[in-house]
Amino acid sequence: MQRQQYISQTIVTAAQMREIEARIFAAGMPVPALMEKVAGLITHKINQIIKNKHNQIGILVGSGHNGGDALVVARELFLQGHKITIYSPFEKLKELTSQHQQYVQSLGINISNSINTLQNSDYLIDGLFGFGLERNLTEPIASAINTINEWSKPTISIDIPSGLHTDTGEVLGTAIRATHTLCLGLWKLGLLQDRALEYIGTSELIDFDIPRADIEAVLSDTKIHRITKHTALSALPLPRPAVTHKYKEGHLLLICGSQRYAGGAILTGLGARASGVGMLSIAVPEYLKPLLVAQLPEALIIGCPETETGTIAQLKLPANTRLDSFSTIAIGPGITTEAAPIVEQVLENTDPLVIDADGLNILATMGAVKTLQKRKAPTVLTPHTGEFKRLFPDIPDAQNNRIEAVQTAAKQSGAIILLKGARTAIANPQGNIWINPDSTPALARGGSGDVLTGLLAGLLAQGINKSTPIEQTVATAAWWHAQAGIIGAEERTELGVDAHTLTHYLPLVISTSVL
Ligand SMILES: NC(=O)C1=CN([C@@H]2O[C@H](COP(=O)(O)OP(=O)(O)OC[C@H]3O[C@@H](n4cnc5c(N)ncnc54)[C@H](O)[C@@H]3O)[C@@H](O)[C@H]2O)[C@@H](O)CC1
Ligand SMILES: [K+]
């Protein structure tokens, strides 16, 4: 794999970054030389953001090496002709940071411990804290940050917006609301946590050539992957073999819909259609059959006996079709919580299984962990935060440290879990994580999850036949779904991507990526 691809899919915690940094320094790289190199790259990027115009720039300097980076940037921007004012509130600075401060002062740059001196800046550069921030912010820094946030100026954070926890993305008291974040070296986990997003703005990675051997040495047992276009496309069932047939390209059974939630079945079906799955069967209450046939003429629609309230009462598969003959089964969208016997039946089956929506609510009432532990085939759950909490009531913090929560849930249950969110996170029982780094709030809409379930299950049905690792397929589905939302929102705004429209963008994502 090429370096750029490897780096863009790697995520580290603060402790891992510190370990990697220590290896580089132990190998002989002088600390000041690395800071000079990194700050040079940051300066270059800042010039691109501010379009090389001469500006009044305010620089926030902390006591550690994040502050050191900021001071080198300040010096370089000053020498390039920008007007620089520095806010440096700490009395005691790390040695290297202190030297840089002394030098910029000698150049005649104004350094102040009052934030108000920065009020006339066109841009702010935030070098207060990087991955060394460990405890809650106190005065006067907290108030200074709040003041800056009230100014709403374009603000570029070095490494991570100051005040965010590098791993959890938690706001430690208060935090800079950046418009740009220039993450240094390797992606920090905190930047991929939902709760950090409103502080980050646009984020970019600045690769400063950390040797891959050092990264691999430190990350050997924990693996948190950032899903990229490259990783997503590599798990697609493309190209198809020249000689194949529909059942070789996966046979998916969707169990979905009720009189009350007819649309869920259609959207799940359309998501599955977009996956390219070879053969699609959809079990719905008998009443819905004509509707589904009209919407998905290529699918085999199985009308099932229904309860008085219009829920599937019994799975009635066609003659000669056994439940264990499918490549994958997906159950949940629109089935209502009355369909518990059907969920129990498919859980006992040995096909790979995707459970979503009311399927998850039923699973929660059965006791998710103990039920899933008994399963003999792979299970994929696709909860949003509310469903996750119902499934795993003993795991705290699903809202806050989502990554840790989903990792724990997968380990406990033995299932692969996709926790939906602005940064959807996927965990497998071995503790590996995949995070989807790009998405759009356009997807926060009823029915969008049904589309994902269909797409994911359709990919899984194909991947199972080709022995693609399931978690890779799940990651690909999350990426594909989000990209369709992004393209849709670009063309139609964030208000224009209803779930049905979303399904039209799905094929476009792949055709523009691979053709
Ligand atoms: N990892 C690397 O290879 C490189 C790291 N560099 C920079 O170094 C940074 C990390 O530097 P440091 O380890 O010095 O850490 P930071 O600069 O992030 O900050 C740590 C400093 O802040 C103080 N501090 C922590 N929490 C505080 C709080 N709540 N209130 C007040 N003070 C607090 C600490 O005592 C320490 O002096 C990175 O974020 C990056 O900007 C770059 O210079 C180049 C290379
Ligand atoms: K910072």
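Residues numbered from 1 in each chain as written. Chains lettered and ligands numbered in written order. Predicted model: local features only at pLDDT ≥ 70, side-chain atom pairs only at ≥ 80, totals over all residues. Heavy atoms only, no water.

### Some points on the overall build of the chain
Point 1. When its secondary structure is counted, the chain shows 19 helices and 19 strands.
Point 2. Along the first, second and third principal axes, the C-alpha set of the chain runs to 85 × 45 × 45 Å.
Point 3. Burial analysis of the chain (515 residues in total) assigns 58% to the buried set.
Point 4. A fraction of 71% describes how many contacts in the chain between residues 6 or more apart in sequence connect residues 24 or more apart.
Point 5. A total of about 21100 Å² of accessible surface is found on the chain, and carbon and sulfur atoms cover 50% of it.
Point 6. Side chains of the chain give 41 positive and 46 negative charges; the mean places of these two sets differ by 4 Å. (Helix = DSSP H or I, 4+ residues; strand = E, 2+ residues; numbered from the N terminus. Buried < 20%, exposed > 50% of the residue type's maximum accessible area, 1.4 Å probe, protein only. Contact = heavy atoms within 4.5 Å. Areas by Shrake-Rupley, 256 points an atom, 1.4 Å probe, with all protein chains shown as cover. Lys, Arg positive; Asp, Glu negative; His and termini not counted. Charge placed at Lys NZ, Arg CZ, Asp CG, Glu CD.)

### Quick notes on the sheet that holds strand β19 (residues 433-435)
Point 1. One open sheet holds the ten strands; their spatial order is β10-β19-β18-β17-β16-β15-β14-β11-β12-β13, and the pairing between them is mixed. Of all the strands in the sheet, the pair left with one neighbour each is β10 (224-226) and β13 (300-304). Shown here is a sheet whose adjacent strand axes are inclined to one another by a mean of 15 degrees, direction ignored.
Point 2. Of the pairings in the sheet, the one linking strand β18 (residues 425-427) to β19 comprises three bridges and is antiparallel in character. Across the sheet, residue Ala-427 finds its bridge partner in β19, namely Ile-433.
Point 3. Each of β11 (251-255) and β12 (279-285) is contacted by helix α10 (residues 262-275), which is oriented at about 175 degrees to β12, the strand it contacts most. (Pairing = 2+ DSSP bridges. Axes fitted to C-alpha atoms, helices over the stretch in contact; angles between N-to-C directions.)

### Observations concerning helix α4 (residues 65-79)
Point 1. Under the 1.5 Å per step criterion, the end-to-end length of α4 is 21 Å for 15 residues, consistent within 8% with the ideal 21 Å.
Point 2. α4 sits mainly inside the fold: eleven of its 15 residues count as buried.
Point 3. When α4 is considered as a whole, its buried residues turn out to be Asn-66, Gly-67, Gly-68, Asp-69, Ala-70, Leu-71, Val-72, Val-73, Ala-74, Arg-75 and Leu-77.
Point 4. Remark: Gly-81 follows α4 within two positions and exhibits a positive phi of approximately 105 degrees. (Expected span 1.5 Å × (residues − 1).)

### Observations regarding the coordination of the potassium ion (ligand 2)
Point 1. The coordination sphere of the potassium ion (ligand 2), as far as protein atoms go, consists of Asn-66 (OD1), Asp-126 (O), Phe-129 (O), Ile-158 (O), Ile-160 (O) and Ser-162 (OG), spread over 2.7 to 3.1 Å.
Point 2. Classification of the site at the potassium ion (ligand 2) as irregular follows from its six donor atoms and the range of 69 to 174 degrees in their angles at the metal.
Point 3. Mapped onto the sequence, the residues coordinating the potassium ion (ligand 2) show the spacing N-x59-D-x2-F-x28-I-x1-I-x1-S. Each member of the pair, Asp-126 as well as Phe-129, carries the same accessibility label: buried. (Donors = N, O, S within 2.8 Å, 3.2 Å for Na, K, Ca; no water. Tetrahedral: all angles 85-135°; square planar, octahedral: opposite > 155°, others 65-115°.)

### Quick look at the sheet that holds strand β7 (residues 180-184)
Strand pairs in the sheet, formed through backbone hydrogen bonds, run parallel or antiparallel to each other.
Point 1. A sheet is described by the order of its strands in space; here seven strands give the open sequence β4-β3-β2-β5-β6-β7-β9, paired in parallel fashion. Each having just a single partner strand, β4 (110-112) and β9 (202-206) make up the two edges of the open sheet. When the angles between neighbouring strand axes are averaged without regard to direction, this sheet yields 20 degrees.
Point 2. Bridge count between strand β6 (residues 155-158) and β7: three bridges; the pairing is parallel. Looking at β7, one finds that Ile-158 is bridged to Leu-182.
Point 3. Packing against the sheet, helix α3 (residues 31-49) makes contact with β5 (123-127), β6, β7 and β9, and its axis sits at approximately 155 degrees to β7.
Point 4. Set on the sheet, α4 makes contact with β2 (56-61), β3 (83-87), β5, β6 and β7; between it and β2 the angle comes to about 160 degrees.

### Some thoughts on the packing of aromatic side chains
Point 1. The full count for this structure, using the stated rule, is two aromatic pairs.
Point 2. With a centroid separation of 5.9 Å and 75 degrees between ring planes, the pair formed by Phe-90 and Phe-129 is classed as edge-to-face. Remark: Phe-129 occurs in the loop between β5 and α6 (141-151) and Phe-90 occurs in the loop between β3 and α5 (95-106); sequence separation between them is 39 residues.
Point 3. On the basis of relative accessibility, which here comes to 14%, the residue Phe-129 falls in the buried class.
Point 4. Look at Phe-388 and Phe-392: their rings are 5.1 Å apart centre to centre, the planes differ by 45 degrees, and that puts the pair in the tilted class.
Point 5. Positioned above the aromatic ring of Tyr-199, the side-chain terminus of Arg-177 is 4.5 Å from the ring centre.
Point 6. Taking the ring centre of Tyr-6 as reference, the NZ or CZ of Arg-212 above it sits at 4.0 Å. (Phe/Tyr/Trp six-rings, centres within 6.5 Å; stacked < 30°, edge-to-face > 60°. Lys NZ or Arg CZ within 6 Å of the ring centre and 35° of its normal.)

### Digging into the site of ligand 1
Point 1. Ligand 1 sits among 25 residues. The nearest are His-65, Asp-69, Lys-94, Gly-130 and Asp-159.
Point 2. With respect to ligand 1, the side chain of Arg-18 contributes an N or O atom lying 3.2 Å from an oxygen atom.
Point 3. Summarising the interface, the protein chains cover 89% of the accessible area of ligand 1, which totals 870 Å² for the free molecule.
Point 4. Here ligand 1 occupies the second largest pocket.
Point 5. Elements supplying a minimum of two residues to the shell around ligand 1: α2 (14-26), α3 and α4.
Point 6. Here the shell around ligand 1 is built from residues that sort into eleven nonpolar, seven polar and seven charged. (Near = heavy atom within 4 Å. Polar contact = N/O pair within 3.5 Å; in protein donor to acceptor, adjacent residues only side chain to side chain. 1 Å grid on protein atoms, 1.4 Å probe; cavity = no way out; pocket = protein on both sides within 12 Å on 5 of 7 lines; lining within 4 Å. Sits in = over half its atoms within 2 Å of the grid points. Nonpolar A, V, L, I, M, F, W, Y, C, P; charged D, E, K, R; others polar.)

### Quick notes on the environment of Ile-24
Point 1. Tracing the backbone through its elements, the reader meets Ile-24 in helix α2.
Point 2. On a C-alpha basis, the gap between Ile-24 and Asp-214 in space is 7.5 Å, while along the polypeptide they are 190 residues apart.
Point 3. The residues contacting Ile-24, other than those within four sequence positions of it, are Met-29, Ile-210, Pro-211 and Asp-214.

### Some details on the pairing of β5
Point 1. Of all five residues making up β5, five are buried, and the element is well covered by its neighbours.
Point 2. Neither face of β5 is open: one carries Tyr-123, Ile-125 and Gly-127, the other Leu-124 and Asp-126, and all of them are buried.
Point 3. Inspection of the sheet shows β2 paired to β5 by five bridges, in the parallel sense. In the sheet register, Ile-57 faces β5, and the bridge partner there is Tyr-123.
Point 4. Two strands pair when backbone bridges link them, and β5 and β6 are joined in this way by three bridges, in the parallel orientation. Note that in β6 the partner of Leu-124 across the bridge is Thr-155.

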